[in-house]
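As a plain string of letters, each chain reads:
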Amino acid sequence: LPEPERAEVCAPELAALIGHLLPRPVRATRSGWTLEGLSPAAAEFISQTAEQRLGARCECFESSSATESTARDTKLTLRGREVEAWLDDLGIAGTRPEDRSLPKAVERMPNGLLSLFLRHLCSATGAVRAAGRQRKGACVHFAMPSQVLAEGVAALLLRFGVVARIRRIETE
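Keep in mind that this is a model prediction, so the values were computed, not measured.

(A) Spatial organisation of the sheet that holds strand β1 (residues 27–29). Taken in spatial order, the four strands line up as β1-β2-β4-β3 in an open sheet, and their pairing is antiparallel. Two strands bound the open sheet, and with one partner strand each, they are β1 and β3 (57–62). Across this sheet, the average inter-strand angle for adjacent strands is 30°, counted without regard to direction. Summarising the sheet, β1 and strand β2 (residues 32–38) pair through three bridges and their orientation is antiparallel.

Okay, structure coming up:
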């Protein structure tokens, strides 16, 4: 599929930030917008980008039980009106990940920004591995919290000639 005729350009850092935030729970708390279960590297990227691009004030907390073997025990809180307005525009503020769809801003990104968004989305919820013995190439796996979001990502991948298969996996 071709790029949109009227592509919507944003800062590359914001495209990457959307990739990190879209599939994750972002809870409204008294102190701001809180994300939990982040790797230290993801927390650092999100906080630096939110501070530089959205003027956010950020607080990062590592779990007291965090060790090098448990890489996803960092909690991050983002504060600021611009952060709240941006999350609201994207449809992230006040919605559970399982109720989210792909923001229109992402659908309208040119392919260069879209590939950056997808790379960061994969680092947030995905994995890449070699295909099985019978096939050549690689398998890219995204764990999406909603069917609608998974379908949106599959449609975006078509812009790069990638045909996706969506499977629903029940969790307990």
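(B) Molecular detail of the pattern of salt bridges. The final tally for this structure, using the stated rule, is seven salt bridges. The closest approach of N and O atoms between Glu13 and Arg53, which form a salt bridge, is 3.1 Å. On the criterion of sequence distance, the pair formed by Glu13 in helix α1 (residues 12–21) and Arg53 in helix α2 (residues 40–54) is long-range, its members being 40 residues apart. The class of Glu13 is partly exposed, set by a relative accessible area of 30%. By relative accessible area, which is 41% here, Arg53 ends up partly exposed.

Rules used in this analysis
Residues numbered from 1 in each chain as written. Predicted model: local features only at pLDDT ≥ 70, side-chain atom pairs only at ≥ 80, totals over all residues. Heavy atoms only, no water. Pairing = 2+ DSSP bridges. Helix = DSSP H or I, 4+ residues; strand = E, 2+ residues; numbered from the N terminus. Axes fitted to C-alpha atoms, helices over the stretch in contact; angles between N-to-C directions. Salt bridge = Lys/Arg side-chain N within 4 Å of Asp/Glu carboxyl O. Buried < 20%, exposed > 50% of the residue type's maximum accessible area, 1.4 Å probe, protein only.

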